[in-house]
There are 2 protein chains.
Amino acid sequence: MSDLRGGIDLGGTKIQTAVIDTEGEVKGEARRPTPTEGGPQDVAAAMAEALVEAATGAGVESAELQGVGVGSPGDADEKTGIVSNAGNLPGWADGFPLGETLEKALGTKVRIGNDVTVATDAEYQLGAGKGFDSLIGVFWGTGVGGGLILGGKPWLGRGAAGEIGHMVVKRGGARCPCGRRGCMEAYAGRAAMEAEARRRQEDGEKTDLFKLMEKHDKPRLTSGVWERALEHGDKLAAELIDRAIEAIGTAVGSAINLLDPEAIIIGGGLGLRFGEPYMEPLLDEMRKHVFFETMPVVRVATLGDLGGAIGASLLVSR
Amino acid sequence: MSDLRGGIDLGGTKIQTAVIDTEGEVKGEARRPTPTEGGPQDVAAAMAEALVEAATGAGVESAELQGVGVGSPGDADEKTGIVSNAGNLPGWADGFPLGETLEKALGTKVRIGNDVTVATDAEYQLGAGKGFDSLIGVFWGTGVGGGLILGGKPWLGRGAAGEIGHMVVKRGGARCPCGRRGCMEAYAGRAAMEAEARRRQEDGEKTDLFKLMEKHDKPRLTSGVWERALEHGDKLAAELIDRAIEAIGTAVGSAINLLDPEAIIIGGGLGLRFGEPYMEPLLDEMRKHVFFETMPVVRVATLGDLGGAIGASLLVSR
């Protein structure tokens, strides 16, 4: 048995794995595209494959790991290892015993957790949130997820706390992918931004967003496509990013007024790319709403793309 | 020494005191109007007077109490007993050693806490929030204050958590008494509602609100005045109460999405009066925004006007 731990971040687009040592150093990593067809069995097989590759990179067999943690979308039951309602994954509405399946495939114990919760915990233990007693992780990507650390521990509420993307920024406002109105994610989520860009283009506004998407052979408006459009001076892209920043600043401002935390950590695909260049407008927007004289510290996540997998591996020591 | 504890709820309008036994039963109570002139010394003298009267009612001298707790507005420092920035109290911007002053006057130890935090703790320990591990107290009065219990303990953040009234419900919306825009309190706080009613009356809308206020010799639109106006079928009053309920439901919905708590407790002058009759519209508004399948329990506070004083007394046992 080694003293290494494995972590798997199961996303709608990719499966990212990492193997870390007791210091949190990454000793091996691998990624796979998430299967778009088949079912949970196929996804689990790809996850196992990627984890074995990361273990090999770290010089061990998967069975020699202390254990493997998984950060999962949908409803992840930490106790049973069953994952259900993973809407972005193929054929994964019903409960599937992901923990048990992976344990058999990998020959070591497997712990299942929520993807955003483990990514927040990773930043708290090893990243931008180190040293703070309370923080809110804001993961700005396809949707906008949130994780809470309060008093040095993850706060899960009845099990699903942290839905910062569904805090309301404008009563009666834009329709959110979740079906409700005026959620922050309705303005800031990548999926909602793409839908809005498409609507506006159809209404005659000019934009290179979709041309750039095709040119770079992307299936959707990735954060890279948004960045290139901004570099090209695309007006619509700039407007929609500004609109997203305003919505995030408003919702995070509300969250600060409620929780008065020490720090805010901005992660996720769009957050990692635009957090630094848009930090001042983001802070300005928060300041408009924050009730306290002293703002919390606001930082961009430092573990980058690997944060989810690293955080998942931390489930093993719990 | 008795086993009784004293509590003082220091409000902008009145000072409410209570003496409770180890079961939380009220054994004596008294109230005084809060002095509107003078300074902190005069307020402290009125507080001591009212507490002595409550102790007498309970059959003891104030010096025989286990101690006395104070729920205070402004910035209340639990460690030093100093209160500052109490904007609604006469001449109370600077720090005043309220704890020390009351200890001398009462002959027993005094603990100072935040008014909303202690009222929330009272409902959690002895009232509508009993038995829940996490809850949000929403105190709907002149402003809208909030208190959090998370994992069985008050959550204070960096010291000032719970500003639910300043969560944003409409970006760029109505101006709040705090100076910001679109806060829930801008729509739901008694002070903001009164200002809006006055503006609309000046703009030619009809209302009996101010006539009723004068008829009942009230200096402002109290919750009782609002109730009478509703009974008289006052259209403007009904509209503004509906608008307040919508704003509260939206902000509380956002707070639920972030914290996923077990319960919401509605208190405060307006909350105690309108919480029950408006429970269904309030729940409907929350449901529009809550991301989870299961709503938390929503209840009206059960300790009523005495909640603040009872909660203050609980500071003594900590």
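What you see is a predicted model; the values in this text were computed from it and never measured.

(A) Main features of the overall build of chain A. Along its length, chain A carries 11 helices and 13 strands. For chain A, whose C-alpha radius of gyration is 19 Å, the value lies close to the compact-globule estimate of 20 Å for 318 residues. Each of the three principal axes of chain A carries a C-alpha extent, and together these read 55 × 45 × 35 Å. Of the contacts formed within chain A by residues at least 6 apart in sequence, a portion of 65% connects residues at least 24 apart.

(B) Representation of unusual backbone geometry. All names here are of chain A. Of note in this structure, Asp-217 is not a glycine but carries a positive phi near 60°. Along the chain, the position of Asp-217 falls in the loop between helix H6 (209-215) and helix H7 (223-231). On the basis of neighbour counts, which here come to 6 C-beta atoms within 10 Å, the residue Asp-217 falls in the exposed class. Even without glycine at this site, Asp-260 takes up a positive phi of about 45°. Taking the number of C-beta atoms within 10 Å as the measure of exposure, Asp-260 has 23 and is therefore buried.

(C) The relation of the copies chain B and chain A, seen in detail. With an RMSD of 0.1 Å, the operation that places chain B on chain A is a rotation of 180° combined with a shift of 0.0 Å along the axis. Such a combination of rotation and displacement between the chain copies is what one expects of a two-fold axis. Nearest to the rotation axis, the C-alpha of Lys-170 of chain B is located 2.0 Å from it, this being the minimum over chain B. Both copies contact each other with a shared surface, as 100% of the interface residues of chain B are interface residues in chain A too.

(D) Structural view of the interface of chain B and chain A. Each partner contributes residues to the interface: chain B has 34 residues there, and chain A has 35 residues. Looking at the side of chain B that touches chain A residue by residue, the class counts come to 15 nonpolar, 10 polar and 9 charged.

(E) Highlighting the nonpolar core. Core analysis: the biggest nonpolar cluster contains 206 residues, and Val-138, Met-184 and Ile-248 of chain A together with Val-138, Met-184 and Ile-248 of chain B have the highest contact counts within it. Not counting chain neighbours up to four residues away, the residues in contact with Val-138 of chain B comprise Val-144, Gly-146, Ile-164, Ile-248, Val-252, Ile-264, Ile-265, Ile-266 and Gly-271 of chain B.

(F) Expanded view of the sheet that holds strand E11 (residues 153-154) of chain B. All names here are of chain B. Spatially, E11-E10-E9-E12-E13 is the arrangement adopted by the 5 strands of the open sheet, whose pairing is mixed. Among the strands making up the open sheet, the edge pair consists of E11 and strand E13 (297-300). Of the strand pairs in this sheet, strand E9 (residues 135-140) and strand E10 (residues 144-150) are connected by 6 bridges, and their pairing is antiparallel. Bridge assignment links Gly-137 to a residue of E10, and that residue is Gly-147.

(G) Just the sheet that holds strand E3 (residues 26-33) of chain A, in detail. Residues and elements named next belong to chain A. An order of E3-E2-E1-E4-E8 is seen for the 5 strands of this open sheet, with the pairing classed as mixed. Only two strands of the sheet have a single neighbouring strand rather than two, namely E3 and strand E8 (110-114). On average, each strand axis in the sheet is tilted by 15° relative to the strand beside it, whichever way the strands run. Direction of pairing for strand E1 (residues 5-10) relative to strand E4 (residues 68-72): parallel, over a ladder of 4 bridges.

(H) Structural context of helix H1 (residues 40-57) of chain B. Residue and element names in this part refer to chain B. Over its 18 residues, H1 runs 26 Å from end to end, which matches the ideal 26 Å to within 8%, given 1.5 Å per residue. Structurally, H1 contributes buried residues whose contacts are with strand E1 (5-10), strand E2 (14-20), strand E3 (26-33), strand E4 (68-72), strand E7 (96-97) and helix H2 (98-106). Following H1 by one or two positions, Gly-59 adopts a phi angle in the positive range, close to 85°.

(I) A look at the pairing of E10 of chain B. Residues and elements named next belong to chain B. With respect to burial, E10 is a largely interior element, 7 of its 7 residues being buried. Hairpin connection, E9 to E10: the antiparallel pair is bridged by 3 residues. Between E10 and E11, which pair antiparallel and follow one another directly, the connecting turn spans 2 residues, one of which, Gly-151, has a positive phi of 60°.

(J) Focus on the domain arrangement of chain A. All names here are of chain A. Taken domain by domain, chain A comprises domain 1 (5-120 + 307-317) and domain 2 (131-302). Look at where the C-alpha atoms of domain 1 and domain 2 centre, and you get two points 26 Å apart. Contacts between the two partners involve 6 residues from domain 1, matched on the other side by 12 residues from domain 2. In terms of residues, the side of domain 1 that touches domain 2 owes the most to one element, helix H3 (residues 115-126), which gives 4 residues. For the side of domain 1 that touches domain 2, a count of residues per class yields 2 nonpolar, 4 polar and no charged.

(K) Spotlight on the packing of helix H8 (residues 235-259) of chain A against helix H10 (residues 279-289) of chain A. Residue and element names in this part refer to chain A. Their axes nearest at 8 Å, the elements H8 and H10 cross at an angle of 45°. Here H10 runs oblique to H8, going by the angle between their axes. The chirality of how H8 crosses H10 is right-handed. Where H8 approaches H10, its residues Ile-245, Glu-246, Ile-248, Gly-249, Thr-250, Val-252, Gly-253, Ser-254 and Ile-256 are matched on the opposing element by Pro-281, Leu-282, Glu-285, Met-286, Lys-288 and His-289. Residue composition of the contact of H8 with H10, grouped by class: 7 nonpolar, 5 polar and 3 charged.

(L) Here's a closer look at the environment of Gly-113 of chain A. Residues and elements named next belong to chain A. Turning to its location among the elements, Gly-113 is positioned in strand E8. Sequence spacing of Gly-113 and Gly-69 is 44 residues, and the spatial spacing of their C-alpha atoms is 7.4 Å. For Gly-113, the residues in contact, after removing those within four places along its chain, are Gly-69, Val-70, Gly-71, Ala-76, Glu-78, Val-118, Ala-312 and Leu-315.

(M) Up close: the environment of Thr-302 of chain A. All names here are of chain A. As for its placement among the helices and strands, Thr-302 is situated in the loop between strand E13 (297-300) and helix H11 (307-314). The exposure class of Thr-302 is partly exposed, given the 16 C-beta atoms found within 10 Å. Residues within four places of Thr-302 in sequence aside, it is in contact with Gly-127 and Ala-128.

(N) Summary view of helix H3 (residues 115-126) of chain B. Compared with the 16 Å implied by 1.5 Å per residue over 12 residues, the 16 Å span of H3 of chain B between its first and last C-alpha is a close match. Within the span of H3 of chain B, buried status applies to Asp-115, Val-116, Thr-117, Val-118, Ala-119, Thr-120, Asp-121, Ala-122, Glu-123 and Tyr-124 of chain B.

(O) Up close: the packing of helix H7 (residues 223-231) of chain B against helix H8 (residues 235-259) of chain B. Residue and element names in this part refer to chain B. The N-to-C vectors of H7 and H8 enclose an angle of 120°; their axes lie 8 Å apart at closest approach. Classified by the angle between their axes, H7 and H8 sit oblique to one another. As for the relative orientation of H7 and H8, their crossing is left-handed in sense. In this structure, H7 uses Trp-226, Ala-229 and Leu-230 to contact H8, whose residues at the interface are Ala-237, Ala-238 and Ile-241. Its residues assigned to classes, the contact of H7 with H8 comprises 6 nonpolar, no polar and no charged.

(P) Structural view of the environment of Lys-130 of chain B. Along the chain, the position of Lys-130 of chain B falls in the loop between H3 and E9. Along the primary structure Lys-130 of chain B and Ala-263 of chain B are separated by 133 residues, whereas in three dimensions their C-alpha atoms are 9.9 Å apart.

Analysis parameters
- Residues numbered from 1 in each chain as written.
- Chains lettered and ligands numbered in written order.
- Predicted model: local features only at pLDDT ≥ 70, side-chain atom pairs only at ≥ 80, totals over all residues.
- Helix = DSSP H or I, 4+ residues; strand = E, 2+ residues; numbered from the N terminus.
- Rg over C-alpha atoms; globule rule 2.2 N^0.38 Å.
- Contact = placed C-beta atoms within 7 Å.
- Buried ≥ 20, exposed ≤ 12 C-beta atoms within 10 Å, placed from the backbone.
- Least-squares fit on C-alpha atoms with pLDDT ≥ 70 in both.
- Nonpolar A, V, L, I, M, F, W, Y, C, P; charged D, E, K, R; others polar.
- Core = buried A, V, L, I, M, F, W, Y, C linked by C-beta atoms within 7 Å.
- Pairing = 2+ DSSP bridges.
- Axes fitted to C-alpha atoms, helices over the stretch in contact; angles between N-to-C directions.
- Expected span 1.5 Å × (residues − 1).
- Domains from an automatic or database assignment.
- Parallel < 35°, antiparallel > 145°, perpendicular 65-115°, else oblique.
- Left-handed = near helix turned anticlockwise from the far one by under 90°.

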